[in-house]
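Each chain is listed here by its residues.
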Amino acid sequence: MRFDILTIFPKIFDSYFSETIIKRALKKKLIQINMHNIRDFTTDKHHTVDDRPYGGGPGMIFKLEPIFQALKKINRRKKSKIVLLTPTGKQFNQQMANRFAKLDQLILIAGRYEGIDARVDKLVSDKVSIGPYVLSGGELPAMVIIEAVTRLIPGVLGHKDSAKSDSFTLNKEYLEYPQYTRPAKFKKWSAPSVLLTGNHKLIEAWRKKKSNIARKNKTEK
Ligand code: ADE
C-alpha cells in the first residue's frame, strides 16, 4: 500500500510516522508514504496556496491549481483513490478502513483554512470526515486513516490474528470484555478471580457475558 499525502504542513507527520506500527510497516516495506507539500506546486513568488472567496465573506479558500498540479505529479497505481479530508465528507468507519486496505494506493488531501475551492470535487474520488466535529485541517484525519488502514495490512501487526479479533472488525462476536494483568490486586482493586482460575470454559463464559453487557450498554447510549 502506498499513501500519498498532500499538505502544507508535512512536518506534522514526522514524529507520528517514526514510531510504533507505522514505523515498523515502513521498515518492512509493507507501506510506503510519500509527502507532497502543496506549496511546492505554486507558481508565484510567495508560494500562495489560498485566496479570498469569490462573492466575499470571511476567511481564505484553498486554491485549486496547486492541488491539481500536485496530483498530476503523483504516479498512480492501479487500485487507487483520491480522498479529500473534510468535515462534510462521508464519516470514516471500520468498513471504510477495510475497503481502503484493499487498495494499492490512497491519496489523501489535507485541506486547511476555511475551505477549499469547490471544483476540487472534479479531482477526488471520495470525501471523508473522521467525525462530526471541525478540526483546523486534514492532517490529523489523514493520520487516523493511515493508522486504521495500515493495521489491516497483512504482516503489519505482530500476531497475525490481532487485527481480525478487534471488536470493530468482528461484526457479530464483539470481544469487548475487560482485560486485566498483574498485579491481581492493586490498592483495593482486584482483578476478577475467575480469570485467575485457569479454567478456560469458565473464563470464556465470563468474557462472553461481559461482551454482551458492553454491547448492550453501547446500543442504549
Ligand atoms: N478537516 C477538518 N475537520 C475534519 C474532520 N472532522 N474530518 C476530516 N477532515 C477534517
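Details of the structure are given in the entry above.
What counts and what doesn't
Residues numbered from 1 in each chain as written. Predicted model: local features only at pLDDT ≥ 70, side-chain atom pairs only at ≥ 80, totals over all residues. Heavy atoms only, no water. Phe/Tyr/Trp six-rings, centres within 6.5 Å; stacked < 30°, edge-to-face > 60°. Buried < 20%, exposed > 50% of the residue type's maximum accessible area, 1.4 Å probe, protein only. Pairing = 2+ DSSP bridges. Helix = DSSP H or I, 4+ residues; strand = E, 2+ residues; numbered from the N terminus. Axes fitted to C-alpha atoms, helices over the stretch in contact; angles between N-to-C directions. Contact = heavy atoms within 4.5 Å. Near = heavy atom within 4 Å. Polar contact = N/O pair within 3.5 Å; in protein donor to acceptor, adjacent residues only side chain to side chain. Areas by Shrake-Rupley, 256 points an atom, 1.4 Å probe, with all protein chains shown as cover. 1 Å grid on protein atoms, 1.4 Å probe; cavity = no way out; pocket = protein on both sides within 12 Å on 5 of 7 lines; lining within 4 Å. Sits in = over half its atoms within 2 Å of the grid points. Nonpolar A, V, L, I, M, F, W, Y, C, P; charged D, E, K, R; others polar.

Novice: Would you mind showing me how to read the packing of aromatic side chains here?
Specialist: In this description, an aromatic ring pair is defined by two values, namely the gap between the centres and the angle between the planes. With the rule as written, the count across this model stands at 4 aromatic pairs. Between Tyr16 and Phe17 the ring centres are 5.8 Å apart and the planes differ by 50°, which places this aromatic pair in the tilted class. Residue classification places Tyr16 among the partly exposed positions, given a relative accessible area of 25%. Measuring from centroid to centroid gives 6.3 Å for Phe92 and Phe100, while their planes differ by 20°, and the two rings are stacked. Under the relative-accessibility criterion, Phe92 is labelled buried at 13%. By relative accessible area, Phe100 is classed as buried at 2%. The rings of Phe13, Tyr16 and Phe17 are connected pair by pair, giving a single aromatic cluster.

Novice: What exactly am I supposed to notice about the sheet that holds strand E8 (residues 126-129) here?
Specialist: Adjacent strands of a sheet pair through backbone hydrogen bonds, lying either parallel or antiparallel. Across the sheet, 5 strands lie side by side as E2-E1-E6-E5-E8; this open sheet has parallel pairing. At either end of the open sheet lies a strand with only one pairing partner, and these are strand E2 (32-37) and E8. Each neighbouring strand pair of the sheet contributes to a mean axis angle of 30°, computed without reference to strand direction. Note: strand E1 (residues 2-7) against strand E6 (residues 105-110), 5 bridges, orientation parallel. Following the sheet pairing, Ile5 is matched in E6 by Leu108. Its contacts with the sheet place helix H5 (residues 139-150) against E1, E2, strand E5 (80-91), E6 and E8, and it is angled at close to 160° to E6.

Novice: Looking at this structure, how should I read the site of the ligand?
Specialist: The ligand sits among Leu85, Thr86, Pro87, Val128, Ser129, Ile130, Gly131, Tyr133, Val134, Leu135, Gly137 and Pro141. Separating a nitrogen atom of the ligand from a backbone N or O atom of Tyr133 is a distance of 2.8 Å. A distance of 3.0 Å separates a nitrogen atom of the ligand from a polar backbone atom of Leu135. Contact with the protein chains hides 97% of the accessible area of the ligand, taken as 270 Å² for the molecule alone. Structurally, the ligand is housed in the largest pocket. Mapped by element, the contributors of at least two residues to the shell around the ligand are E5 and E8. At 3 residues, E5 tops the list of elements feeding residues into the shell around the ligand. Classifying every residue of the shell around the ligand gives 8 nonpolar, 4 polar and no charged.

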